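# Structure assessment
Single-letter residue listing:
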Amino acid sequence: MSPRKVAAPREVPGLSRPRKPRLPTVAERKMPNGLRVVAVRRPSVPLVHARLRIPTAVRRDDDLGRASLLERTMLLGTAERSQSELAEALQRIGGSLRVSGDADRLILAGESLRGGQSELLSLLAEVVSGASYPKGPVEGEAARLADLLRRHLSQPGVIADEAWLRQMYDGHPYGRENPAAEEVLAVPPSSLRAAHRRRVVPDGSLLVLVGDLTPARALDQVSAALGSWEGSGGPTRVPKVGPVTLGPLVLVDRPGAVQSNLRLGGSAPARTDPAYAAVEVANALFGGYFSSRLTMNIREDKGYTYSPRSSLRHSTAASSLLTAADVATDVTAPALVEIAYELGRLVSLPPTAEEVAATAQYLVGSLALSTATQAGLAATLTVLLADGLDVTWLREHPERLTSVTPADVHEAAQRLLAPASMVATVVGDAARIEGPLAALYDVQRA
Amino acid sequence: MATSTPSTSYAVERGTLRNGLRVVVSPDRSAPVVAVAVYYDVGIRSEPEGRTGFAHLFEHLMFQGSASLQKMDHVKYVQSSGGTLNGSTRLDYTNYYEALPSNALERALFLEADRMRSPAVTEETLSNQIAVVKEEILVNVLNQPYGGFPWLTLPPLLFETFPNAHNGYGGFEDLESATVDDARDFFDRYYAPGNAVLALGGDLDPEQAIALVEKHFGDVPRRTVPTRPDFDEPPPTSERRAEQVDQHAPAPAVALGWRVPDPDDLDAYLPHVVLTAVLSTGEASRLRRRLVHDDRLATDVGSHVAFMEDAFDVRNPTALLVEAHHEPDVPADRVVAAVDEELDRVATGGVPADELERVRARLTSSLLQGHDHVLSRTLAMASFEQQRRRAELVGELPALLGAVTGEQVAAAAASLRPDARARLDVVAGAR
């Protein structure tokens, strides 16, 4: 730091021989009601995690309000218990249960202390077979959800994400993640039980258990608890996604905003694409991690932003790449220039072998870290199995990543990062940023 | 059904280098990953007046190069080894950490030692990181509804002295006037090896790991270790209130804060932690049941000990906080009155054994889940070692929380009196 103190440079140590992660041993059963169950023993801490994935789609954009309310109210009671009794029963086993979802699926995720998993599975069965949607509590929860949505949708980052999704998938269920408060309030509470019967069905669903358990015994416990879960109908899918309509940059005015929220992105290959490893490297190298070109440029060199990032997003019927950066108002246009420059650079020129190797190694390590916990392994396994892949992917994908070449990345970048095939959204103070943006892009106010 | 409360224990080995650096090592060979954490015993409370936000700005500067490393080299070496990294600035410490495949352990130790020995700060990196930190504050606070509520906005009400009351993210004027000399002085004063704890966890051999620590950190020069001031101040003797208009907020909110016993005295402190779980963990908890579900006074309510929700990572003085979001047509006074009634119910009626048993089971499970991650566990060990000289608390905490009695929780609730608190009302200013 000060001249009197600078120590002499030393050589950075190399890496020692890597130890490969052990592939988890997976026990599996397909139940007569169509539920697929997978159990993995991972006794790192005395807990058991359960993750139930139900492939039920939001098929029309205007179903989003009901789907959101269904998720929020599923734990308000069952045929046997009130909301409080259910919550107490979960608490008693050190457990919790959460419901989440998107346009493709519902997820019920929970955990318990070791020894509590049989009770956890019974409670899960009670919910999927007999969630009761009591009128009074549902009305209360709807009002609460409406308030949460108003608060959520007042966040500039959320406004920007929603505006970008609308441009990408207008009219399709993928075109937004959050319903308006009014849509939720308009859902009749009496319609939820029918919606539950239609959507919460075992056929095609997947239950993953990971933790301090005995797999064979866990499978038997699932058969006992969830064998009587019935439902007519099976998985449903969203409608096909059409090609992205390219258009002007959409500007959402937020008068007085001290930052602008930039969102830029387009279509991407799916996780099952043969070139997926190269696609992942291209995304990460461009903007998917701290060492990326994007962070180097607009954060560490220019100081325009705190946390720029690009990410791959996978849904059943479409995958996408989204670049996001929240920047100071007066550098809105300069930041977009730099983002377009970094995108264009990787599309036009192959990266160096050194950059590719470093990025691939980062992705290999991230996968190892993300599957080193019970909860992380359960989440990763659920995604892989639902995509039709299996646990061997955890061994094979690192090999694919480390054999990606600069030419592979260059080719993937042309499919993924071309600025000409992207849609762009900016949320910010239009009075200050519209002029500078209009010098770069055709701009349209939202 | 009965579930016996399971627990885990982690082996801990410790040592102190000749330069004063304290080291704790905890092996776990179940997955080929390791975590490395360095905790410096300096945080927001120690920054000088006129230099608000400096501890955090300095954290950013520690990533900008050192004797053997150019700007960004540190990040690139960690990530190209397959690792992740970060740092954070809290009230009482600043930490730097990595989680990596275990074959990168020596590299991570080298990188941390290099910046402990000799970080490089230039005018250029300083002005770059001032700009980055300002963007961080904009995105997390100034451009955000409820930004900084209540962790930045309640301390100035509850506390009167600068170390406890000031904004730890910092004012833009203070940040912009920071100099390279300030950075040198701050490093010289607070980043001595004897003022730090190094924790290693995961897939490692303790003996080899300690030898590598000695190899890379052993010749970091010993320096004077600053004496940590006592930041204690008298608690409020009457309710301290304020209103804050939030131009981005679509609905009002209210936060209450009370001083709690010195965290150093675990017997007196832990009942307050258990109380927050009784009050607001899960839908069966007292405040969620009463305010959210039964009376529908609040759309959301939570409580926790410590401003940054880091009850086990903080020193005296700290607080128990309750925060609630409510609809504009519900007066905040009704929300607060219901909180007071529920506190009174715990204080006078106690916590039945069955309820306490459930709350303990859930607390244990949350702690175990946190400690499943080698990085979270190693961070907790570093902090326990630094603040309490006992990394083993990671495994011992569930039993200690389990030993808290209903009477102790009731006494904790009884101490949360209206005339001893700070209350901040957020007025919704969004159109």
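Look up: the structure comes first, before these words.
The structure reproduced in this document is the subject of the present report. (Residues numbered from 1 in each chain as written. Chains lettered and ligands numbered in written order. Predicted model: local features only at pLDDT ≥ 70, side-chain atom pairs only at ≥ 80, totals over all residues. Heavy atoms only, no water.)

Side chains three or four residues apart in an α-helix point the same way, a direct result of the helix having 3.6 residues per turn. When you tally the buried positions in helix 1 (residues 54-61) of chain B, you get 8 out of 8 residues, the bulk of the element. Of the residues making up helix 1 of chain B, those classed as buried are Phe54, Ala55, His56, Leu57, Phe58, Glu59, His60 and Leu61 of chain B. Of the surrounding secondary structure, the elements contacted by the buried residues of helix 1 of chain B are helix 10 (293-301) of chain A together with strand 4 (84-89), strand 5 (94-101), helix 4 (123-142), helix 7 (172-176) and helix 8 (180-190) of chain B. (Buried < 20%, exposed > 50% of the residue type's maximum accessible area, 1.4 Å probe, protein only. Helix = DSSP H or I, 4+ residues; strand = E, 2+ residues; numbered from the N terminus. Contact = heavy atoms within 4.5 Å.)

On to the sheet that holds strand 12 (residues 443-445) of chain A. Hydrogen bonds along the backbone pair up the strands of a sheet, which may run parallel or antiparallel. All names here are of chain A. Strand order in the open sheet formed by 6 strands is 9-10-8-11-7-12, with mixed pairing between adjacent strands. Single-partner strands in this sheet number two, and they are strand 9 (309-314) and strand 12. Pairs of neighbouring strands in the sheet enclose a mean axial angle of 25 degrees, with direction left out of account. This element, helix 9 (residues 276-288), spans strand 9 and strand 10 (319-328) of the sheet and lies at about 150 degrees to strand 9. (Pairing = 2+ DSSP bridges. Axes fitted to C-alpha atoms, helices over the stretch in contact; angles between N-to-C directions.)

A word on the interface of chain A and chain B. Residue-level contacts link 87 residues of chain A with 88 residues of chain B. Between chain A and chain B lies a buried interface of about 7200 Å² when both sides are counted; carbon and sulfur atoms form 57% of it. Where chain A packs against chain B, one counts 34 residue pairs in polar contact (both at pLDDT 80 or more). At 11 residues, helix 4 (residues 135-152) of chain A tops the list of elements feeding residues into the side of chain A that touches chain B. A breakdown of the residues in the side of chain A that touches chain B according to their chemical character gives 35 nonpolar, 27 polar and 25 charged. (Buried area = accessible area lost by both parts, 1.4 Å probe. Polar contact = N/O pair within 3.5 Å; in protein donor to acceptor, adjacent residues only side chain to side chain. Nonpolar A, V, L, I, M, F, W, Y, C, P; charged D, E, K, R; others polar.)

Attention now moves to unusual backbone geometry. All names here are of chain B. Of the consecutive residues Phe149 and Pro150, the connecting peptide bond is found in the cis state with omega at -10 degrees. Take Pro150: it is sitting in the loop between helix 4 and helix 5 (155-158). Along the chain, Asn316 connects to Pro317 via a cis peptide bond; the corresponding omega equals -5 degrees. Within the fold, Pro317 resides in the loop between strand 9 (300-305) and strand 10 (319-325). Backbone geometry places Met72, a non-glycine residue, at a positive phi of 75 degrees. Inspection of the secondary structure puts Met72 in the loop between helix 1 and helix 2 (73-79). At Arg389, a position not held by glycine, the phi torsion is positive, near 55 degrees. Note on placement: Arg389 falls in the loop between helix 14 (374-388) and helix 15 (393-402). Under the relative-accessibility criterion, Arg389 is labelled exposed at 58%.

Bringing the pairing of strand 11 (residues 423-428) of chain A into the picture now. Residues and elements named next belong to chain A. The buried fraction of strand 11 amounts to 6 of the 6 residues, a majority that puts the element mostly inside the structure. Residues Val423, Thr425 and Val427 line one face of strand 11 and the alternating positions Ala424, Val426 and Gly428 line the opposite face, and both faces are buried. Pairing of strand 8 (residues 259-268) with strand 11 involves 5 bridges; the strand directions are antiparallel. Residue pairing for strand 11: Arg263 is matched across the bridge by Thr425.

Turning our eyes to something else, we now look at the sheet that holds strand 1 (residues 13-16) of chain B. Residues and elements named next belong to chain B. If you trace the 6 strands from one edge of the open sheet to the other, you get 1-2-6-3-5-4, paired in mixed fashion. Edge positions in the open sheet fall to strand 1 and strand 4, since each of these has one partner strand only. Taking each pair of neighbouring strands and ignoring which way they run, the sheet shows an average axis angle of 15 degrees. Pairing geometry for strand 4 and strand 5, over 6 bridges, is antiparallel. Looking at strand 5, one finds that Leu85 is bridged to Glu98. Together, strand 1, strand 2 (22-27), strand 3 (33-40), strand 5 and strand 6 (196-202) form the strand contacts of helix 14, whose direction differs from that of strand 3 by roughly 30 degrees.

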